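# Commentary on secondary and tertiary structure
Residue-level listing of the chains:
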Amino acid sequence: MSTTRPCSPGDRGPEPSGAPGASEGGASGAGVSGEGAAASPTGRQVRRLSLDGQSGVVPLARDFARQALYAWGWLPAATADQRAAAEDVLLVVSELVTNACLHAEGPESLWLACDDKAIRVEVADRGAGQPAPRTPHRAGRPGGHGMFIVQRLCLDWGVVRTPGVAGKTVWAELGAPA
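Report on the accompanying structure. (Residues numbered from 1 in each chain as written. Predicted model: local features only at pLDDT ≥ 70, side-chain atom pairs only at ≥ 80, totals over all residues. Heavy atoms only, no water.)

### Looking at helix α3 (residues 146-153)
Buried residues of α3: G146, M147 and V150, and no others. Angular distribution of buried residues about the axis of α3 spans 90 degrees; they occupy a single face of the element. Residues of α3 that are buried make contact with α2 (80-103), β6 (156-160) and β7 (168-175). (Buried < 20%, exposed > 50% of the residue type's maximum accessible area, 1.4 Å probe, protein only. Helix = DSSP H or I, 4+ residues; strand = E, 2+ residues; numbered from the N terminus. Arc of directions from axis to C-beta. Contact = heavy atoms within 4.5 Å.)

In structure tokens, the structure reads:
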């Protein structure tokens, strides 16, 4: 179920710089495309992609997430379960970025973090709305299934809002493959 709280249980906590999307531990490697990659002192791998003003953000975000999954050893997958876990991550990235495009004035950034237990996906946007699974969920009807899919695939998900700042960050956590 969705929650609105500052941080999820066991998550990364507040950003060191106070800015959404800052790399954990304050380290960042910025590339031409606005990508950032860092490893935290706790061994968590972190990547950030700026999507603000970009076109084709859904495939861009999926490709970025796929590259991270390769770098973190989720891909290539040795088993069907590992492949399914990686595909779930890519689907959640697609759904969260698509929702930001359709309902929140577009995504600003995608943030991914991985440790040996879970992967966390965050999409920051400028929207004021509250994402929620469509109720009642109607199978076979086009559209409106994104947050239902996220809810079903993830260990937990929610929304973080910063007082006095427009927009929000929608986050989701998925378990690492066995």
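Past the structure itself, the notes keep going.
### What about the pattern of salt bridges?
Applying the stated criterion to the full structure yields eight salt bridges. Salt-bridge contacts for R126 lead to D52; the nearest nitrogen and oxygen are separated by 3.0 Å. With R126 in the loop between β5 (118-125) and α3 and D52 in the loop between β3 (45-50) and α1 (57-71), this residue pair connects regions lying 74 residues apart in the sequence. Put simply, E87 and R83 hold a salt bridge, and the shortest N to O gap is 2.9 Å. One end of the pair, E87, and the other, R83, are both in helix α2, four residues apart, so they sit about a helical turn from each other. On the basis of relative accessibility, which here comes to 31%, the residue E87 falls in the partly exposed class. Under the relative-accessibility criterion, R83 is labelled partly exposed at 39%. It is possible to trace a salt-bridge network through shared partners that takes in D52, E108 and R126. (Salt bridge = Lys/Arg side-chain N within 4 Å of Asp/Glu carboxyl O.)

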